[in-house]
Amino acid sequence: MRKGLFIGINDYAHVSRLSGCSNDAMAMASVLKTDANGDPNFKNVVLTSAEDYLSREKLEDQIRELFSGDCNVALLYFAGHGGFDTDNDEGMLLPQDYRNTKDGIRISDILNWATKATKIKNKVIILDCCQSGAAGEVRALRSESSVVGEGMTILTACKKEEPAMEGAQHGVFTGLLLQALHGGAANILGKITPGSLYAFVDNALDVWEQRPVFKTNVSQFISLREVSPLIAKEILRKLPEWFAEAESTFDLDPSYEPTEATFLPEHGEVFAQLQKCNRHSLIEPVDAEHMYYAAINSTGCRLTALGAYYRELAIKGHF
């Protein structure tokens, strides 16, 4: 089972109003509710200031509830104001009734609740708020540790003491996350992991813009969402058949190219699959600029490092 808690706060009683946080929470919950093929993914609770009054007490209760029980993945997403308590050297999430630092929800407390949830295999925390990069640091003045516990992944919009910028419809960070979850961060198999989310966002942001932060303590990345594979699994399973060894060459000749008089339809079917692998950087032509010339000049094609990796996965029966 997978469950998610999505919080978005626009309207604050005593600090400045934000514009897109409620939309951010709803959009994130919507995209993670199902995989691209419609299969159920996360069972979600969505809390926004448009529908509820999100006091500190209410939010703490909901976050504690998220990190309770027994499930495979628990995901917390927060969009709203973040703050930093300089006296205690720690970051905070600001509830709707925030007045001063004693009203903030300490990120270190959230991490401790998540760490103690030993029956939850994977804990994912995504924060789109200012100061969010403080998450996962050891807090200096408290006895309990708030470092990144086992099975935990933290992805934040910005570094400690940086602002999280808002865009036209979504926060800059969340806007990129949504692009990534709709397929921009998918691997060859169509899986989107926390690591690929971070890589997508990090590459999209300019060096002078806010810098996302990624911290994790997991033995293996989980897939947060799945989209259509870039290459069908039945094609990937043929890699060990085409390439007996990772360093092998698949011989080509003009019979593989439909424009040639010696063309064989059965070769053309294989060549089309090899070309698809080439387009996604699993295969490269030998001594030729394009696969077409590798066939015309009777050279061949070989696996790239990425192709060798997926060949090994095929041998091990991972798909």
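Residues numbered from 1 in each chain as written. Predicted model: local features only at pLDDT ≥ 70, side-chain atom pairs only at ≥ 80, totals over all residues. Heavy atoms only, no water.

Per an unreviewed UniProt entry, the protein chain goes by Caspase family protein and derives from Pseudomonas serboccidentalis.

> Can you break down the packing of aromatic side chains residue by residue, with the values?
Under the definition given, this model contains eight aromatic pairs. For the pair Y198 and F214, a centre-to-centre distance of 5.3 Å together with 20° between the ring planes defines the contact as stacked. Within this pair, whereas Y198 is found in helix α5 (residues 194-204), its partner F214 is found in strand β10 (residues 213-217), the two being separated by 16 residues in sequence. Relative accessible area serves as the criterion here: at 23%, F214 is assigned to the partly exposed category. (Phe/Tyr/Trp six-rings, centres within 6.5 Å; stacked < 30°, edge-to-face > 60°. Helix = DSSP H or I, 4+ residues; strand = E, 2+ residues; numbered from the N terminus. Buried < 20%, exposed > 50% of the residue type's maximum accessible area, 1.4 Å probe, protein only.)

> Lay out the pairing of strand β3 (residues 71-79) in plain terms, naming residues and giving numbers.
Both faces of the sheet carry side chains from a regular strand, because those side chains alternate between them. Counted residue by residue, β3 has eight buried out of nine residues, so it is predominantly covered. The pairing of strand β1 (residues 2-8) with β3 spans seven bridges and is classified as parallel. Bridging from a neighbouring strand, I7 pairs with F78 of β3. Of the strand pairs in this sheet, β3 and strand β7 (residues 120-128) are connected by eight bridges, and their pairing is parallel. Opposite F78, over in β7, you have L127 as the bridge partner. (Pairing = 2+ DSSP bridges.)

> Lay out unusual backbone geometry with the relevant residues and their values.
One non-glycine residue, D287, lies in positive phi territory at about 50°. Turning to its location among the elements, D287 is positioned in the loop between β13 (283-285) and α9 (291-296). You can call D287 exposed: its relative accessible area is 72%. A positive phi angle is found at S298, which is not glycine, with a value near 55°. Judged by its relative accessible area of 40%, S298 is partly exposed.

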